Amino acid sequence: MNRYRINQMRAAQTRAGLNRRQFLGRAGAFGGAVLLTPSLLAACGGDDEDPKGNGGDTEPGPTADPNKSTGDLLMSNWPLYIDPTEDGVTGSVDLFKKATGIDLTYNEDFNDNNEYFAAIQPDLANGKAIKPDIIAPTFWLVARLIELGWVEALPLDQIPNAANLLPSLQKPLWDPTGAYSLPWQSGMTGIAYNIDATGRELTSVEDLFDPEFKGKIGMLTEMRDTLGLVLLGLGKDPSTISFDDAADAFDKIEAAKNDGQIRQFTGNDYQDDLVAGNFAACVAWSGDVAQLALDTPSLRFVIPEEGGMQWSDCMVIPKGADSIKEAAAWMNYVYDPVNAARIAAYVTYNSPVAGVQDELRKNPDTVGLADSELMFPDEETLGRLKVFKALDEDEEAQFDDRFSSITTG
Amino acid sequence: MTTTARPRRRLGDLVLAGFSILVLFYLFMPIITIVAFSFNDPAGKFNLTWSGFTLANWSDPFAGGDLLDAMVYSIKIAVMASLVATVIGGLVALALSRYRFRGGALINLFLVLPLTTPEVVLGASLLNFFVAQDERILFFDVSRGFRTILVSHILFCVSFVAMTVKARVRGFDWSLEDAAMDLGAPPLRVFAKVTFPLIVPGILAAALLSFALSIDDYIITTMVRDVGGEPTFPLYIAGAFQREVSPQINVLSTLILIISVSLMASGSILGALRQRRSMA
Amino acid sequence: MAGGGEERNQRRGTWQPYAMLSPGMLWMALFFFAPMVILARYALSEPRDRFSGKYDLTWRFENFTEVFDRYGEQFLRSFRYSGIATLLCIALGYPLAYWIATRGGRYRNLLLGLVVVPFFTSYLVRTIAWTTLVGDEGPILGIAGALSLEGALDSIGITTNGGLLQTQTAVILGLTYNFLPFMVLPIYVSLEKIDFRLLDAAKDLYSSSRRAFWKVIFPLSLPGVFAGTLLTFIPASGDFVNAEFLGGPNNQMIGNVIQNEFFVQFDFASAAAISFILMFIITVGVLVYARIFGTDELSV
């Protein structure tokens, strides 16, 4: 999934002739118009997460030696997913380095879950450590890595700020003991559209299948986003779906692909097609569209009335990493609400850290973001979001197989 | 030739020239786009639609240090890969064209195989090879990174080098060497004075081809690189396409174009001069 | 295949040729044949589970028949796309090479340079430039729109739903583009070797320059065409970059399937089986070809 942040924010702003406050104002205004509020109510909200249900789960496995330390730290994260460090002083990375003396290398080379997993699989499967000390895969890949035993248990006693994790994200489905992962950011999957191309507001998943937009529809190669949304459109619950129950949704996507309704399945690059006018509407991630709309005001984002998907990208420590102490220090740092707010203000996704909204409100530069529905969706919206079921290995193979037989048809 | 045929022939020439120029235009369409978009002032982070002229991107052609680092890394790999591939591939070509020996035909077949193997297959097989270790049949454990990229690039260049050099020296009269030796020249001297000058154009062409293949390789490199390691230029571009398409990519590409065209032009001018002098 | 007979004064080697061959052959043995053996092992194995990368060699030949059944369509599509692209390369490349060789005069090298120059920019950068050119708001459809050709283009299947990007036309266009120099250069080389006084002589014989061309020049340039065909068709049929950037979900080639099987499905057995089927088809084709025309023509 993608997480872009204003690339070279300052440059873009000057180019568009906006100062920061105007920019945030517009972002705020956009955020307000972003989420439709159809009549469905939060009542149906399937919260499978049981925030305080501590029930003594069996695990966690052996914690990595918490004193393993090298003085440096390498994190691989999604591109544009942190405030930039271009002046080398004021970015979160710079501030962390200065505060701790830890030599943090922050790489933005995590472009795709499958691709990244394919790259690390040969090493981890053979018991070799990979270079990065922290990576931030999407929740379902986190679950897979935990299941395979390819991640270290977090030294939580060195991360006191982990207590700031939002209750709804504690001990989540993908990490039932909460011992292995801490979310970096969460986000929502909905529909992005260009109102100039569609000529009307879109409200429903069904709009993606409207023959009027034939050949102008994009969907994501991230199966859980695309399939999840289509399942919701069919009135099914992606958080409890079985392979057999998903057959209708697969058939629907396949038929739309075969007759040319769907133009392309993309990764992050759906934004290229959306901005270039090749897509009229597509499955999209919440944080991107706010940003793109600054330059292309006709872009809209909606959580369809049938519901939307929710996901998290989580920090984990790959097995065999040798900078455990440093990794803990960094995690602790980004879970401080002040630092988390600085990052959140740039990425416009949903911060997993409690207190971020208050921090944003304190700062006149970011106060506009504190009320963004995109960053802080209300209860009603949250009630309509689903997290895709945690598939076991065999089930996942079935789903992946069917889905990629459609996308590589 | 009859008088009536002449105008028709001229017309034919015109059609041929017009068609050829159109084909050249086709070849240059993306290049024109790349150069033009280096002057684009993109509305957002994707430099894919035209939205206004600016010189700003050129104010600092080497802005975006990562991009430049990737380029330098690619050049480093390409130089080393083409050097090694040219030497070992050139030796194979010389052996094949200079000697008659048992197994020559089989070697020719071996050389063709990497060329008929799709890149994605070659890359995947190399990846599996590099990560297979101790428990397997292999004694070679290389962790992925600079070395594995280099080794793979050399591999796919060797066949191209051998084929190119072989074609260039085909029909070369090896008895010239004998003549030189008969005149009392020691073998090394013969190689330096007789053989090498004759094969040098083929060697040069092969080295250039290898360099071009290596610096542009994406498919194989993406599989034999290390996670979290430095990206080569094509890897960087592929990553960038996922998040932002910056005009700096166009600026750097245009620069590379200008540099290579001027190198080529000066090369051909030098060649022309030398030719004129030798004729005089 | 080496056309040994052509070589004048080849020496009979004792140890020297083997010494000269050894570095290259060692490299190939280690980094081509050994990896291929591992791949072959996968093609005949069954996975223990999905992600561990542990496979048991069970000599399971069904891997081959299964993937052939499953991906027959993509195989055919790949060969169709690369076949059309190769033909287009000949149609575009031959006249260009002929023009440069016969009418280039002292600008020959410059013109040849112009053929190569576009390829000094990165493959990916060029392909991304193509996405701009063929995009819905791009210049090509803009011109077609100005000439009111959209309907016509759609009805003859050049565009799909009025779009060009993410169609088979765009994929074939990209393949043709990227491999065109590999066609032009060998054709040029073989044309350059021809003594064009032959053409004058032939004109006396056949009285029409068209007949003279087809009877004399074209046959002599065929080695170049054949070499170009190999250099274009082989990489094009295994390519996946063009289909990925320029194609849609209905235009994926066998290269994309291999990529997907390896790196999304982690089904190394299937991926390896597909790889070997593809290599087998290509290699057999090349050997048949080489039998007829000689492998030396494989190089520029």
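Quick caveat: nothing in here was measured; it's all calculated off a predicted structure. Position numbers for residues count from 1 along each chain, tracking the sequence in the order it is written. For naming, the first written chain is A and the first written ligand is 1, with later ones following in the order written. Only residues with pLDDT of at least 70 are given local features in this predicted model, and only at 80 or more are side-chain atom pairs given and counted; all residues enter the totals for whole chains, interfaces and linings. Values shown for side chains rest on all heavy atoms present in the structure; no hydrogens or waters enter the calculation.

Novice: Can you explain the overall build of chain B? Please cite residues and give values.
Specialist: Assigned secondary structure in chain B consists of 11 helices and 1 strand. Along chain B, helices and strands appear, N-terminal first, in the series α-α-α-β-α-α-α-α-α-α-α-α. For each residue, the accessible area found with a 1.4 Å probe, counting protein chains only, is set against the maximum for its type, and the residue is called buried under 20%, exposed over 50%, and partly exposed in between. Within the span of chain B, comprising 280 residues, buried residues form 53% of the whole. Per element, the accessible surface of chain B, about 12,600 Å² overall, is 68% carbon and sulfur. Helical segments are the DSSP runs of H or I of at least four residues, strand segments are the runs of E of at least two, and each set is numbered from the N terminus. We get accessible surface area from the Shrake-Rupley algorithm with a probe of 1.4 Å; when it comes to residues, only the shown protein chains can shield them.

Novice: So what's going on with the pattern of salt bridges? Residues and values would help.
Specialist: Salt bridge, as used here, is a side-chain nitrogen of Lys or Arg placed within 4 Å of a carboxyl oxygen of Asp or Glu. Under the defined criterion, the tally for this structure stands at 30 salt bridges over all chains. The salt bridge partner of Lys131 of chain A is Asp226 of chain B, with a shortest N-O separation of 2.4 Å. Note that Lys131 of chain A is positioned in the loop between helix 4 (113-125) and strand 3 (134-135) and Asp226 of chain B in the loop between helix 9 (219-224) and helix 10 (233-243), a pairing that runs across two chains. The exposure class of Asp226 of chain B is buried, given its relative accessible area of 8%. Between Arg144 of chain A and Glu396 of chain A there is a salt bridge, and its shortest N-O distance comes to 3.1 Å. With a gap of 252 residues between them, Arg144 of chain A in helix 5 (residues 139-148) and Glu396 of chain A in helix 16 (residues 393-407) connect regions that are remote in the sequence. Here Arg144 of chain A falls in the buried class, since its relative accessible area comes to 5%. Taken together, the salt bridges that share partners define one network made up of Arg144, Arg224, Glu396 and Asp400 of chain A together with Arg50 of chain C.

Novice: Give me the confidence of the model for chain A: which residues, what numbers.
Specialist: When pLDDT is averaged along chain A, the result is 84; 84% of the residues meet or exceed 70. The quantity known as pLDDT measures the predictor's confidence residue by residue, on a range of 0 to 100. Any pair of residues with heavy atoms lying within 4.5 Å of one another is described as a contacting pair. Below a pLDDT of 50 lies the segment residues 1-59 of chain A, which in the model reaches 128 contacts outside its immediate sequence neighbourhood of four places, other chains included.

Novice: Please give an account of the sheet that holds strand 3 of chain A that cites residues and values.
Specialist: All names here are of chain A. Ordered in space as 2-1-3, the 3 strands form an open sheet in which the pairing is parallel. Of all the strands in the sheet, the pair left with one neighbour each is strand 2 (103-107) and strand 3. Packing against the sheet, helix 3 (residues 92-100) makes contact with strand 1 (72-76) and strand 2, and its axis sits at approximately 160 degrees to strand 2. Along the sheet, helix 11 (residues 324-334) contacts strand 1, strand 2 and strand 3; its crossing angle with strand 1, the most-contacted strand, is approximately 60 degrees. Paired strands, as defined in this entry, are two strands with at least two bridges between them according to DSSP. Lines fitted to C-alpha atoms define the axes, with helix axes restricted to the stretch in contact, and inter-axis angles between N-to-C directions lie between 0 and 180 degrees.

Novice: Outline the environment of Leu230 of chain C, supporting the account with residue identities and numerical values.
Specialist: All names here are of chain C. Mapped onto the fold, Leu230 is located in helix 9 (residues 209-238). Relative accessible area serves as the criterion here: at 13%, Leu230 is assigned to the buried category. When the C-alpha positions of Leu230 and Ala290 are compared, they lie 9.8 Å apart, and in sequence the two are 60 residues distant.

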